Amino acid sequence: MRILAIETATAACSVALIEDGVVIAARHELVGRGHAERLVPMIAELLPDGARADAIRVDCGPGSFTGVRVGLAAARGLAIGWGVPVAGFSSLALIAARAFAARAEAERVAVAIPGGHGELFVQSFRRGPEPEGGIASLPPEAAARAVDAALVVGGSAAALVAARGSGEALDAVPDAGDVILLPEGLAALAPAPIYGRAPDAKLPA
């Protein structure tokens with residue numbers, strides 16, 4: 001089984017080719033923006049000369065609205081063209097999985113990444129990883145109060161939360177290859193956007 005994993009929900013853009021639970025090729029870049037321009041060439045580097053994957057896994061968010069849509073559009077298009085299944089995973093679970101792999105002693109972690117309008121997406125996990133509660137979009141002060149974990153993961157947002165609380169910050173961004181660290185249930189979500197917050201636009205009454 002050859003799986004193509006795609007991650008574009010944050011400032012990073014990454015793809016990985018996985019065979020029998022092992023990453024055999026990968027590309028990872030911190031692009032900030034410009035995922036649409038980099039993603040397809042990165043996939044082509046992993047799968048040259050018309051090669052295909054047997055399944056696709058894609059980051060559904062939360063994160064950048066545009067980044068999430070870019071990854072999902074590419075995954076769905078390839079799945080149709082190749083005639084293969086596509087499933088999703090959460091950017092927060094992916095970061096948590098990396099944190100647990102890096103810190104063998106950690107039993108609980110909180111993940112914090114930038115959200116919209118100055119808020120942060122936060123979610124706590126037990127080792128597994130297993131989510132503890134849902135995804136919240138909160139201002140930094142409220143996020144710090146909501147977090148009850150000694151280790152906060154996720155780059156500048158994590159540092160912001162840890163500085164306002166009592167936890168330690170661990171810098172991390174999602175990496176497509178870390179899909180191999182996720183339990184099956186967290187790597188088989190519906191391939192649909194996870195926005196993490198209600199839309200700003202409201203329908204007229």
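Residues numbered from 1 in each chain as written. Predicted model: local features only at pLDDT ≥ 70, side-chain atom pairs only at ≥ 80, totals over all residues. Heavy atoms only, no water.

### Quick notes on the sheet that holds strand 3 (residues 22–30)
Piece 1. Pairing is mixed across the open sheet formed by five strands, whose spatial order is 3-2-1-4-5. What marks the edges here is a single partner per strand, and that holds for strand 3 and strand 5 (86–89). Neighbour-to-neighbour, the strand axes of the sheet open up by a mean angle of 15°, direction not taken into account.
Piece 2. The pairing of strand 1 (residues 2–7) with strand 2 (residues 12–19) spans six bridges and is classified as antiparallel. Each residue of the ladder has a partner; that of Arg2, found in strand 2, is Glu19.
Piece 3. Lying over the sheet, helix 1 (residues 35–46) contacts strand 1, strand 2 and strand 3, oriented at roughly 20° with respect to strand 2. (Pairing = 2+ DSSP bridges. Helix = DSSP H or I, 4+ residues; strand = E, 2+ residues; numbered from the N terminus. Axes fitted to C-alpha atoms, helices over the stretch in contact; angles between N-to-C directions. Contact = heavy atoms within 4.5 Å.)

### Thoughts on the packing of helix 1 against helix 2 (residues 65–82)
Piece 1. Interaxial distance between helix 1 and helix 2 falls to 10 Å at its minimum, and their mutual angle equals 35°. Regarding helix 1 and helix 2, the two cross each other, and that crossing is right-handed. Residues His35, Ala36, Leu39 and Ile43 of helix 1 form the contact with helix 2, whose participating residues are Val70, Gly71, Ala74 and Leu78.
Piece 2. Of the residues assigned to the contact of helix 1 with helix 2, the class counts are six nonpolar, two polar and no charged. (Left-handed = near helix turned anticlockwise from the far one by under 90°. Nonpolar A, V, L, I, M, F, W, Y, C, P; charged D, E, K, R; others polar.)

### Some points on the nonpolar core
Piece 1. One finds Val109, Val111, Phe125, Val153 and Leu182 to be the most contacted residues of the largest nonpolar core, which totals 29 residues.
Piece 2. When residues of this core are traced back to their parent elements, those giving at least two are strand 1, strand 2, helix 3 (91–102), strand 6 (108–114), strand 7 (120–126) and strand 9 (151–153).
Piece 3. The leading source of residues in this core is helix 3, at eight residues.
Piece 4. Setting aside its immediate chain neighbours within four residues, Leu182 contacts Phe89, Ala93, Leu94, Ala97, Pro129 and Ala187.
Piece 5. Counting 23 residues, the second-largest nonpolar core is a separate cluster that includes Met42, Ala53, Ala79 and Trp82. (Core = buried A, V, L, I, M, F, W, Y, C linked by side-chain atoms within 4.5 Å. Buried < 20%, exposed > 50% of the residue type's maximum accessible area, 1.4 Å probe, protein only.)

### Side note on the pairing of strand 4 (residues 55–59)
Piece 1. Taking burial as the measure, the five residues of strand 4 include five buried ones, the bulk of the element.
Piece 2. Across the two faces of strand 4 the burial is the same, with Ala55, Arg57 and Asp59 and Ile56 and Val58 all buried.
Piece 3. Where strand 1 and strand 4 come together, four bridges link them in parallel fashion. Residue Leu4 lies in a different strand from strand 4, and its bridge partner there is Ile56.
Piece 4. The pairing of strand 4 with strand 5 spans four bridges and is parallel. Each residue of the ladder has a partner; that of Val58, found in strand 5, is Gly88.
Piece 5. Running through helix 2, the crossover from strand 4 to the neighbouring parallel element strand 5 is right-handed. (Right-handed = clockwise from strand over helix to strand, strands pointing away.)

### Topic: the pattern of salt bridges
Piece 1. Considering all chains together, one arrives at ten salt bridges under this definition.
Piece 2. For Asp178, the salt bridge identified is with Arg98, shortest N-O distance 2.7 Å. Linking Asp178 in the segment after strand 10 (168–170) with Arg98 in helix 3, this pair joins segments that are 80 residues apart in sequence.
Piece 3. Judged by its relative accessible area of 8%, Asp178 falls in the buried class.
Piece 4. Note on Arg98: relative accessible area 34%, which makes it partly exposed.
Piece 5. One network of salt bridges, in which partners are shared, links Arg108, Arg126, Glu130 and Glu132. (Salt bridge = Lys/Arg side-chain N within 4 Å of Asp/Glu carboxyl O.)

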